[in-house]
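Chain by chain, the residues:
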Amino acid sequence: MKKKKIGIIGHFGGKEKLYDGQTIKTRILYDELSEVLHDKPIIADTYYKKSNPLKLVVDTVKVLIKADYIIILLSGNGMRVYFPLMYLAAKLGKKVYHDVIGGNLADYCVKYPQYIKYLNSFVVNWVETENVKKKLEKKNICNVEVLPNFKRLSIIEKVNDNWTVPYKLCTFSRVMEEKGIGEAVKAVKMANEELGCRAFTLDIYGQIDENQNDWFKSLKKTFDETIRYCGIVNYDQSTKVLKNYFALLFPTLFFTEGVPGTIIDAYAAALPVISSHWEHFEDVVEDNKTGIGYEFGNTEALKQVLIHIYENPNRIMEMKKHCLDVAYKYTPENSMNMILKKMNYCEEML
């Protein structure tokens, strides 16, 4: 019997090394499927929509013709182009699986009501959180399942319990204003000033958003000796870096975040998360167990949390062990089993 082929339409980043969540999620799915099936999926890389649209069209046609199963991972712009096309493909008998990026798909369904018809034509819409699932089901989308975001990471075996002042904090995401990097800088400086000592240091990791170089240059002018930019870390090396920190700051200003990959990285490194209460916070962070939440967009509240953990460092130490327990929820084995079962892998794929 001829082996069934999988196609993936998503943002692979071309030949560039990109570290945004969408690109990493797409590449990881490709890598894991290649490993499990011993066969590389056919791909159409939406990165080329501007630089080489003809290539994208040709590759999309190849996926439509050659793939028996098509997985789509799309941004807002990608949805507008590919949803109608994949709807037609599904009606013609293709099996389409939608791996949802982020947590704001229900909002798109309000803006574009036709999306409800498109989404219901797919075999499944995999979302990252229960909250997103409930919101889509309220829109009468009937084929929604929760598929946790996942990464193949080396989960550390032993928690470091030897910490001294200054406590080392970090951010580990795209370096852009909307990720709250500026809020992290302000809060650390404010906490150190109020405590009257060098209580915390902050290391900033991540790719600088290409449209925000000027913003970051201005932000760097406000850095003092406790704050530095440390560049980019490959996603498969994250735990080696993060295990050396006391806690992760995630002061995102994106209210509709899904399951941020940086939090998966943090858990694998036994790193509690100090995070703003974005929309799906409760689906990802167990408050007072794997992290501490504060009011969304409130830098003063973030500062107060920092002062609290400075005065109560054992609170963070207690969370570190729990983070490791939760890390196993986001392993590839867990999610790949769900994907292959939905595709009837054992019965049809080989």
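This write-up is about the structure you can find in this document. All of these numbers come straight from a predicted model, not from anything done at the bench.

### Quick word on the nonpolar core
So, step 1. F200, L202, L249, Y267, I274, L306 and I309 are the most contacted members of the largest nonpolar core, which totals 64 residues.
So, step 2. Among the elements that make up this core, the one with the highest residue count is helix 14 (residues 313–327) (7 residues).
So, step 3. Beyond its immediate sequence surroundings of up to four residues, F200 is in contact with P166, Y167, L169, V188, A191, N192, L195, T226, L306, I309 and Y310.
So, step 4. Counting 30 residues, the second largest nonpolar core, distinct from the first, contains I72, F122, V127 and L136.

### Quick notes on the sheet that holds strand 8 (residues 200–205)
So, step 1. Pairing in this open sheet of 6 strands is parallel, and the strands run 9-8-7-10-11-12 from one edge to the other. Among the strands making up the open sheet, the edge pair consists of strand 9 (227–231) and strand 12 (291–294). Between one strand and the next, the sheet's axes are offset by a mean angle of 25°, whatever the strand orientation.
So, step 2. Relative to strand 12, strand 11 (residues 273–276) runs parallel, the two sharing 4 bridges.

### Description of the packing of aromatic side chains
For any two aromatic rings, the description comes down to two numbers: the centre-to-centre distance and the angle of the planes.
So, step 1. Following the criterion strictly, the structure yields 24 aromatic pairs and no others.
So, step 2. Between W215 and F216, the ring centres sit 6.0 Å apart and the planes meet at 40°, which makes this aromatic pair tilted.
So, step 3. According to the relative accessible area criterion, F216 is buried, its value standing at 2%.
So, step 4. Measuring from centroid to centroid gives 6.4 Å for Y267 and Y330, while their planes differ by 35°, and the two rings are tilted. Highlighted residues: Y267 in helix 11 (residues 261–268) and Y330 in the loop between helix 14 and helix 15 (332–342), separated in sequence by 63 residues. Considered together, Y267 and Y330 belong to a single accessibility category, that of buried residues.
So, step 5. Lying across the ring of Y48, K55 places its NZ or CZ 5.3 Å from the centre.
So, step 6. Taking the ring centre of Y245 as reference, the NZ or CZ of K168 above it sits at 4.8 Å.

### Details of the pattern of salt bridges
So, step 1. This structure, assessed with the given rule, holds 14 salt bridges.
So, step 2. Among the salt bridges present, the one from R152 reaches E32, with a minimum N-O distance of 2.9 Å. Of this pair, R152 sits in the loop between strand 6 (144–146) and strand 7 (167–172) while E32 sits in helix 1 (residues 21–37); the two residues are 120 residues apart in sequence, bridging distant segments of the chain.
So, step 3. The salt bridge partner of D203 is R228, with a shortest N-O separation of 2.7 Å. On the criterion of sequence distance, the pair formed by D203 in strand 8 and R228 in strand 9 is long-range, its members being 25 residues apart.
So, step 4. Here the salt bridges share partners, and the residues they tie into one network are K25, D99 and E128.

### Some words on empty space enclosed by the protein
So, step 1. The full count for this structure, using the stated rule, is 2 cavities of 30 Å³ or more.
So, step 2. Surrounding the second largest cavity, E183, P251, L253, S276, Y294, G297, N298, T299 and L302 form its lining.
So, step 3. Tallied by class, the residues present in the lining of the second largest cavity amount to 4 nonpolar, 4 polar and 1 charged.

Rules behind the numbers
- Residues numbered from 1 in each chain as written.
- Predicted model: local features only at pLDDT ≥ 70, side-chain atom pairs only at ≥ 80, totals over all residues.
- Heavy atoms only, no water.
- Core = buried A, V, L, I, M, F, W, Y, C linked by side-chain atoms within 4.5 Å.
- Buried < 20%, exposed > 50% of the residue type's maximum accessible area, 1.4 Å probe, protein only.
- Helix = DSSP H or I, 4+ residues; strand = E, 2+ residues; numbered from the N terminus.
- Contact = heavy atoms within 4.5 Å.
- Pairing = 2+ DSSP bridges.
- Axes fitted to C-alpha atoms, helices over the stretch in contact; angles between N-to-C directions.
- Phe/Tyr/Trp six-rings, centres within 6.5 Å; stacked < 30°, edge-to-face > 60°.
- Lys NZ or Arg CZ within 6 Å of the ring centre and 35° of its normal.
- Salt bridge = Lys/Arg side-chain N within 4 Å of Asp/Glu carboxyl O.
- 1 Å grid on protein atoms, 1.4 Å probe; cavity = no way out; pocket = protein on both sides within 12 Å on 5 of 7 lines; lining within 4 Å.
- Points joined across faces, edges and corners; volume = space filled by probe spheres on them.
- Nonpolar A, V, L, I, M, F, W, Y, C, P; charged D, E, K, R; others polar.

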